[in-house]
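The primary structure of each chain is shown beneath.
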Amino acid sequence: MSTLKAVRGTRDLLPPETALWNRIEETARRVFARYNFGEIRTPVFEDTALFARGVGEETDIVSKEMYTWEDRERFDVSGMSSSWLHQNSGFTHSESNVKLGEHTIDLVITRDATLRTHDQSPSPITVTELVQFKPELKQYDVDRLIELVEEFVTSTGNALVLGKLVVPETRNLQATGHPDTQHRVFVEQIAGNFFQSSQRLTLRPENTAGVVRAYIEHNLGETGQLQKLFYIGPQFRRERPQKGRYRQFSQIGAEVIGPPSAGSESPLRDAEVLEMLATLLDELEITGWTLNINSVGSAADRARYNEVLRAALADVAGKMCGDCQRRAVTNPLRVLDCKVEADQAYIEALPRMADSLDEESKAHFAAVTAALDEAGVEYTRNHRLVRGLDYYTRTTFEFTHGGLGAQNALLGGGRYDGLSEAIGGPKAPGIGFAMGEDRLVLTLEAQEEAKAEKVDAYIAPLGEGMNAAALALSRELRRAGLRVELGDGSFRLKKSFEAADKTARRIVILGEDELKSGILTVKEFASGEQSKVARTELKMILAMAAKA
Ligand code: AMP
């Protein structure tokens, strides 16, 4: 039997590495508490529509990378077959259609592929009409449902009772008045019942949309206060796995969101979040990070810039890579993300977002950078930083780290003033970020390795008679500030080489001949180079190599 392994793009975290994960999370919690952030935990899966509307249908994440499935229950459209439907319809015509205090009406699909309430229906209801009440259903679902109804009716020659529609007393047939209103009430209720259990769900590819959904659902805006929320947890994207890029990865993130009256639009919030991140990275002891910031402006600024770019790209896109040619038409902003070497000169020559910002966006950005200057947080303006998610407005940022290689973004974020409204909530501007925990771990591990760097030299006495002379040589070098490991004369030469290779960059051999002549044999492991060095020069040569 073939052995089962963790799924591609996922991995197990084992001790001792998990200790590092815990240390990172503890540090993050400590820093968040100092800035008065509280923890939020949202479900790992959500209604697909949340990401489609929030993150944007055209983004790579939504169009290519989400783990989405049809949640199968009784009336799952995509997975249903007519025979399955037959077995599971569950009701018969003979069941009573009137219940105490309520009208209970059987829901029937008929041969002509219309849905019809078994009796008392004001008029037949079509499948197309029904699905209009589920805007997230795609044409695919509608087609599938019609196909299914036709298949069922043809194979059984029967109408099918799908379920019961319960009409509350207050909305009963007599009370609903005009036939058009009755009809609408019916369609709405049937749609509600019919699709209730057929839902398209998605493993969250990011957490901001979920946090904003929760903000809306729990009316957090009604407190009138800014909500400062952080989360730590797994996210899922079907990306091509490579170092630093996984299909399940963990993010540490935070959001500041609230009604405009609470100051949620203020550039001070942006600067405070960035200052907190600089502090967090410092406390995590991550050294050598760079903060890149930019402004993508308001939705109107972005639309304007998109057109400016589209026009500029019309002349050059033909000479650029395939992705750029496609994006030049579908989503010109994304051209700025292109990493293809040959395209860089064309991209650098394109008009800049900064020139398409309106006065308000310009002033907002200037206030953010002024606050960062005052607080002493260093940053670089990166005109090409547009980020891949549709919801960003105004400030966008990324912290990068040279040690990460191709996947060099430690964290990214920005302002999303229209996100709440895009998913049906009140006006609730906000700003937030998500930090890749996997990448923090990689960076810290690389730093640890660098720290546990090999010593400058390993002194190998040849024979026990050389031990004392080797100690004297080590003392001389160590007093000159060099890091030295001292071997033992009882070791055979091979054993000395093995021990030295593990701990030192060079081995220095000290035998009787060397002691007499004052000329030592030195081997550098990295290059494999062996040379004769005068004892008087050894200190200087090792010191120069240590500095290089
Ligand atoms: P994004 O929302 O794409 O900007 O992601 C925010 C941060 O999450 C990035 O800067 C990365 O550190 C991390 N991240 C995103 N995608 C992945 C992935 N597939 N694997 C590991 N980390 C990721």
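These numbers were taken from a predicted model, which means no experiment stands behind them.

Draft legend 1. Summary view of the overall build of the chain. For the chain, the helix and strand inventory stands at 19 helices and 21 strands. The buried share among the 548 residues of the chain stands at 48%. Across the chain, the fraction of contacts at a sequence separation of at least 24, relative to all contacts at a separation of at least 6, is 71%. Accessible area of the chain: about 26900 Å², with a carbon and sulfur share of 51%.

Draft legend 2. Representation of the pattern of salt bridges. Across all of its chains, the model carries 26 salt bridges by this definition. With a closest N to O distance of 3.0 Å, E39 and R41 form a salt bridge. A relative accessible area of 32% places E39 in the partly exposed class. Across the salt bridge formed by R415 and D270, the nearest N and O atoms sit 2.6 Å from each other.

Draft legend 3. Quick look at the pairing of strand β16 (residues 430-436). Summarising burial for β16: 7 of the 7 residues are buried, a large majority. Side-chain alternation along β16 places G430, G432, A434 and G436 on one buried face and I431, F433 and M435 on a second face that is also buried. Taken together, the 7 bridges between strand β11 (residues 248-257) and β16 define a ladder with antiparallel strand orientation. Each residue of the ladder has a partner; that of I252, found in β16, is M435. Across 5 bridges, strand β15 (residues 409-415) lies against β16 in antiparallel orientation. Bridge pairing in β16 links G413 to F433.

Draft legend 4. Representation of the packing of helix α9 (residues 267-283) against helix α13 (residues 359-375) within the structure. For the pair α9 and α13, interaxial distance at closest approach is 8 Å and the crossing angle is 40 degrees. In terms of orientation, α9 lies oblique with respect to α13. Here α9 runs over α13; the crossing is right-handed. Residues P267, D270, A271 and L274 of α9 touch α13, and the partners they reach there are H364, A367, V368, A371 and L372.

Draft legend 5. Expanded view of the sheet that holds strand β20 (residues 519-524). Read across the open sheet, the 5 strands follow the order β18-β17-β19-β20-β21; overall the sheet is mixed. Each edge of the open sheet carries a strand with a single partner, namely β18 (484-486) and β21 (530-534). Shown here is a sheet whose adjacent strand axes are inclined to one another by a mean of 25 degrees, direction ignored. Looking at chain direction, strand β17 (residues 457-461) and strand β19 (residues 506-510) are connected through 4 bridges and run parallel. Within β19, the position partnered with I459 by the bridge is V508. This element, helix α16 (residues 467-479), spans β17, β18, β19 and β20 of the sheet and lies at about 170 degrees to β18.

Draft legend 6. Main features of the sheet that holds strand β1 (residues 38-39). The strand order β1-β10-β11-β16-β15-β14-β12-β13 describes an open sheet built from 8 strands, whose pairing is mixed. At either end of the open sheet lies a strand with only one pairing partner, and these are β1 and β13 (380-381). Where strand β14 (residues 393-401) meets β15, 6 bridges bridge the pair, whose relative direction is antiparallel. Each residue of the ladder has a partner; that of E398, found in β15, is G412. Sitting on the sheet, helix α1 (residues 17-34) is in contact with β1, β10 (227-236), β11 and β16, with an inclination near 0 degrees to β11.

Draft legend 7. Region of interest: a nonpolar patch on the surface. Judged by side-chain polarity, M540, I541 and M544 come together as a nonpolar surface patch covering roughly 300 Å² of accessible area. Overall, the relative accessible area of 49% leaves M540 in the partly exposed class.

About the criteria used
- Residues numbered from 1 in each chain as written.
- Predicted model: local features only at pLDDT ≥ 70, side-chain atom pairs only at ≥ 80, totals over all residues.
- Heavy atoms only, no water.
- Helix = DSSP H or I, 4+ residues; strand = E, 2+ residues; numbered from the N terminus.
- Buried < 20%, exposed > 50% of the residue type's maximum accessible area, 1.4 Å probe, protein only.
- Contact = heavy atoms within 4.5 Å.
- Areas by Shrake-Rupley, 256 points an atom, 1.4 Å probe, with all protein chains shown as cover.
- Salt bridge = Lys/Arg side-chain N within 4 Å of Asp/Glu carboxyl O.
- Pairing = 2+ DSSP bridges.
- Axes fitted to C-alpha atoms, helices over the stretch in contact; angles between N-to-C directions.
- Parallel < 35°, antiparallel > 145°, perpendicular 65-115°, else oblique.
- Left-handed = near helix turned anticlockwise from the far one by under 90°.
- Patch = residues over 30% accessible without salt bridge, like charges linked within 9 Å, V, L, I, M, F, W, Y side chains within 5 Å.

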